[in-house]
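Listed below are the residues making up each chain.
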Amino acid sequence: MDPMDIVGKSKEDASLPKATMTKIIKEMLPADVRVARDAQDLLIECCVEFINLISSESNEVCNKEDKRTIAPEHVLKALQVLGFGEYVEEVYAAYEQHRYETMQDSQRSVKMNTGAEMTEEEAAAEQQRMFAEARARMNGDVSVPQLDTQQSNLQS
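Residues numbered from 1 in each chain as written. Predicted model: local features only at pLDDT ≥ 70, side-chain atom pairs only at ≥ 80, totals over all residues. Heavy atoms only, no water.

Per an unreviewed UniProt entry, the chain carries the name Transcription factor CBF/NF-Y/archaeal histone domain-containing protein and comes from Brassica carinata. For the chain, the Subcellular location (unreviewed entry) comment in UniProt is given as "Nucleus". (UniProt positions renumbered as here; feature names shortened; annotations may be inferred.)

Here you go:
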């Protein structure tokens, strides 16, 4: 494949951060498995190609609906159309987790900007919650926290 085939841009313009991708690759494999540099580069190129494929199909789905902005449901539909329907549920769960974390981050920034401070107990509880989230992510748990937890955090 010619590097210019990727959306008409040079290889450097359409790539993923090598250090981040290497970290993801290593996290997905057992500790005793090594990956050759060429294999890492190939995996990264495959990821870029997959993103291009999903983006292109998402754009087509979006255009068929006479929309100008690709929405998450267009990406999910593109996965179905391209034969990746088995991943839709997991992708949707990751999307919901991202939305939840983004909402939490924006609430934290608003709380910090308004000058409202946490009590020591609230800070300790928040720290424990964050540790639990980090442990869950490290263990591969992609479940979205329960609505009751979200609502109690909104009221705090």
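Colleague: Where do I start with the packing of helix 1 (residues 18–28) against helix 2 (residues 37–64) in this structure?
Modeller: Axis angle and axis distance: for two packed helices, these are the angle between their axes and the distance between the axes, and together they describe the pair. Running from amino to carboxyl end, helix 1 crosses helix 2 at an angle of 105°, the nearest separation of the two axes being 10 Å. One way to sum up the angle between helix 1 and helix 2 is to call them roughly perpendicular. Touching Lys18, Met21, Thr22, Ile25 and Lys26 of helix 1 are Gln40, Asp41, Leu43, Ile44 and Cys47, all from helix 2. Looking at the contact of helix 1 with helix 2 residue by residue, the class counts come to five nonpolar, two polar and three charged. (Axes fitted to C-alpha atoms, helices over the stretch in contact; angles between N-to-C directions. Helix = DSSP H or I, 4+ residues; strand = E, 2+ residues; numbered from the N terminus. Parallel < 35°, antiparallel > 145°, perpendicular 65-115°, else oblique. Contact = heavy atoms within 4.5 Å. Nonpolar A, V, L, I, M, F, W, Y, C, P; charged D, E, K, R; others polar.)

Colleague: Help me out: how do you make sense of the pattern of salt bridges in this one?
Modeller: Close approach of charged atoms lets side chains of opposite charge pair. If you walk through the whole model with that rule in mind, you get six salt bridges. When the shortest N-O distance is used, the salt bridge between Arg129 and Glu126 registers 2.5 Å. Residue Arg129 and its partner Glu126 are both found in helix 5 (residues 120–138); the two are separated by three residues, about one turn of the helix. Each of Glu101, Glu126, Arg129, Glu133 and Arg137 takes part in salt bridges that share partners, so that together they form one network. (Salt bridge = Lys/Arg side-chain N within 4 Å of Asp/Glu carboxyl O.)

Colleague: Sorry if this is basic, but what is going on with a nonpolar patch on the surface here?
Modeller: A cluster of nonpolar side chains, Ile24, Met28, Leu29 and Val33, forms an exposed patch at the surface whose accessible area comes to about 360 Å². One can find Ile24 in helix 1. Judged by relative accessible area, Ile24 falls into the partly exposed class, the value being 40%. (Patch = residues over 30% accessible without salt bridge, like charges linked within 9 Å, V, L, I, M, F, W, Y side chains within 5 Å. Areas by Shrake-Rupley, 256 points an atom, 1.4 Å probe, with all protein chains shown as cover. Buried < 20%, exposed > 50% of the residue type's maximum accessible area, 1.4 Å probe, protein only.)

Colleague: I keep staring at the packing of aromatic side chains and nothing clicks. Help me out?
Modeller: Geometrically, a pair of aromatic rings is defined through the distance of the ring centres and the angle of the planes. Applying the stated criterion to the full structure yields three aromatic pairs. Ring plane angle 50° and centroid distance 6.1 Å describe the contact between Tyr92 and Tyr95, whose orientation is recorded as tilted. Linking Tyr92 with Tyr95, this pair stays in helix 4 (residues 88–113), spanning three residues, or about one helical turn. The exposure class of Tyr92 is partly exposed, given its relative accessible area of 40%. Relative accessible area serves as the criterion here: at 28%, Tyr95 is assigned to the partly exposed category. (Phe/Tyr/Trp six-rings, centres within 6.5 Å; stacked < 30°, edge-to-face > 60°.)

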